[in-house]
Amino acid sequence: MRTPVIAGNWKLFKTINEATALVKELKSLVAGTSGVEIVVAPVFTALSSVADEIAGSGILLAAQDCFWEEEGAFTGEVSPGMLKDAGCSYVIIGHSERRQYFNETNGTVNKKAKAAIAAGLTAIVCVGETLAERESDKTFTVIESQIMGCLAGLPAESLKQIVVAYEPVWAIGTGKTASEAQAQEVHAFIRELVEKLFGKPHAEAMRILYGGSVKPENVKGLMSQADIDGALVGGASLKADSFAAIVNFMA
Ligand code: PEP
């Protein structure tokens with residue numbers, strides 16, 4: 001019922017030429033794939049070139065962040081409408097690296113999500129606990145406040161433009177993946193919360209991705225869990241063969 005999404009977050013890697021070469025290779029490796037939404041998120045400067053390269057391929061484009069205003073005196077920012085103009089259909093918001101290094105908060109994620117929705121983008125809203133929070137039994141409290149804060153005030157019908165990514169901070173780029181059971185437990189909790197906030201049909205329709213050291217070897221087990229609807233992939237998305245193997249997890 002929920003179409004899986006496999007999204008590659010290329011972070012601060014790849015020049016324009018490298019990004020277009022990567023997506024060109026990916027395109028040929030996933031040409032026969034169906035039933036999965038494939039998303040790539042290059043740096044801002046490579047968005048337009050990657051958009052040209054993926055035109056007609058079915059691969060979708062995401063940005064890694066956006067601002068909440070559409071235009072104005074906000075030096076250095078990029079608006080959701082501008083991302084749409086560059087060919088994006090998705091934008092990642094609230095990645096833990098942005099929370100950690102750039103003071104992103106649930107409040108700013110909320111403003112960005114609303115602006116992204118208004119511009120017609122789908123927002124991939126990232127949540128996740130740190131190791132210290134997990135070890136002090138605060139995982140569910142943290143996730144609850146992130147979901148409540150990030151999705152506050154959204155009209156229920158806009159939820160179809162929201163994808164949540166559960167990314168335990170301790171699993172990002174560390175090689176430590178959450179176990180299937182650990183991930184499923186939090187995904188089910190997020191879906192229950194969304195049901196309380198927006199009702200069952202919206203909760204059942206919403207895609208919840210897992211992120212944190214997803215690789216070709218562990219994707220199948222994660223995707224077999226009832227509430228895991230895809231993956232947000234960092235390191236393993238930087239090579240076409242490993243990302244394609246993750247995309248083709250059903251093969
Ligand atoms: C990410 O950047 O969102 C991520 C999950 O990274 P990695 O797959 O490298 O852990």
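Model, not experiment: these values are computed from the prediction.

## Here's the deal with the nonpolar core
And then number 1: Ranked by size, the top nonpolar core spans 71 residues in total, and within it Ile6, Leu26, Val40, Val50, Ile162, Ile190 and Tyr210 carry the most contacts.
And then number 2: The leading source of residues in this core is helix H8 (residues 180-198), at seven residues.
And then number 3: Every residue in contact with Ile190, bar those within four places of it in the chain, is listed here: Val127, Ile143, Ile147, Val164, Tyr166 and Ile208.
And then number 4: One finds Val39, Ala41, Tyr90 and Cys126 within the second-largest nonpolar core, a separate group that totals 13 residues.

## Considerations on the pattern of salt bridges
And then number 1: One pass over the full model with this rule turns up eleven salt bridges.
And then number 2: Residue Lys27 is joined to Glu53 by a salt bridge in which the shortest nitrogen-to-oxygen separation is 3.0 Å. Taken together, the residues span a long stretch of sequence, with Lys27 in helix H1 (residues 16-29) and Glu53 in helix H2 (residues 47-54) at a distance of 26 residues.
And then number 3: Accessibility expressed as a relative area gives 25% for Lys27, which makes it partly exposed.
And then number 4: With a shortest N-O distance of 2.9 Å, Asp65 and Lys112 are connected by a salt bridge.

## What to know about the site of the ligand
And then number 1: Taken together, 14 residues surround the ligand, and among them Lys11, Glu167, Gly173, Ser213 and Gly234 come closest.
And then number 2: Between the ligand and the protein, one listed contact pairs an oxygen atom with a side-chain N or O atom of His95 at 2.8 Å.
And then number 3: Compared with its free state, where it exposes 290 Å², the ligand has 95% of that area covered by protein.
And then number 4: Here the shell around the ligand is composed, by residue class, of four nonpolar, eight polar and two charged.

## Remarks on the side chain of Arg99
And then number 1: Relative to the assigned elements, Arg99 resides in helix H4 (residues 96-101).
And then number 2: Glu104 provides the closest opposite charge to the buried, unpaired Arg99, separated from it by 7.2 Å.
And then number 3: Of the polar contacts made by the side chain of Arg99, one reaches the side chain of Asn106; its length is 2.6 Å.
And then number 4: With near-sequence residues (within four places) excluded, Arg99 lies in contact with Gly94, Glu104, Thr105, Asn106, Val109, Cys126, Val127, Gln146 and Cys150.

## Regarding unusual backbone geometry
And then number 1: Positive phi is not limited to glycine here, since Asp137 has a value of about 60°.
And then number 2: Take Asp137: it is sitting in the loop between helix H6 (131-135) and helix H7 (139-150).
And then number 3: Residues other than glycine seldom take positive phi values, yet Ser213 does so here, at roughly 55°.
And then number 4: Its location among the elements puts Ser213 in the loop between strand S7 (208-211) and helix H10 (219-223).
And then number 5: Exposure remark for Ser213: the relative accessible area of 13% places this residue in the buried category.

## Overview of the packing of H1 against H2
And then number 1: The interhelical angle for the contact between H1 and H2, taken along N-to-C directions, is 25°, at an axis separation of 9 Å. As the angle between them shows, H1 and H2 are arranged roughly parallel. For the pair H1 and H2, the sense of crossing is right-handed. Along its contact with H1, which presents Ile16, Ala19, Thr20, Val23, Lys24 and Lys27, the element H2 presents Ser49, Val50, Glu53 and Ile54.
And then number 2: Looking at the contact of H1 with H2 residue by residue, the classes come out as five nonpolar, two polar and three charged.

What counts as what
- Residues numbered from 1 in each chain as written.
- Predicted model: local features only at pLDDT ≥ 70, side-chain atom pairs only at ≥ 80, totals over all residues.
- Heavy atoms only, no water.
- Core = buried A, V, L, I, M, F, W, Y, C linked by side-chain atoms within 4.5 Å.
- Buried < 20%, exposed > 50% of the residue type's maximum accessible area, 1.4 Å probe, protein only.
- Helix = DSSP H or I, 4+ residues; strand = E, 2+ residues; numbered from the N terminus.
- Contact = heavy atoms within 4.5 Å.
- Salt bridge = Lys/Arg side-chain N within 4 Å of Asp/Glu carboxyl O.
- Near = heavy atom within 4 Å.
- Polar contact = N/O pair within 3.5 Å; in protein donor to acceptor, adjacent residues only side chain to side chain.
- Areas by Shrake-Rupley, 256 points an atom, 1.4 Å probe, with all protein chains shown as cover.
- Nonpolar A, V, L, I, M, F, W, Y, C, P; charged D, E, K, R; others polar.
- Lys, Arg positive; Asp, Glu negative; His and termini not counted.
- Axes fitted to C-alpha atoms, helices over the stretch in contact; angles between N-to-C directions.
- Parallel < 35°, antiparallel > 145°, perpendicular 65-115°, else oblique.
- Left-handed = near helix turned anticlockwise from the far one by under 90°.

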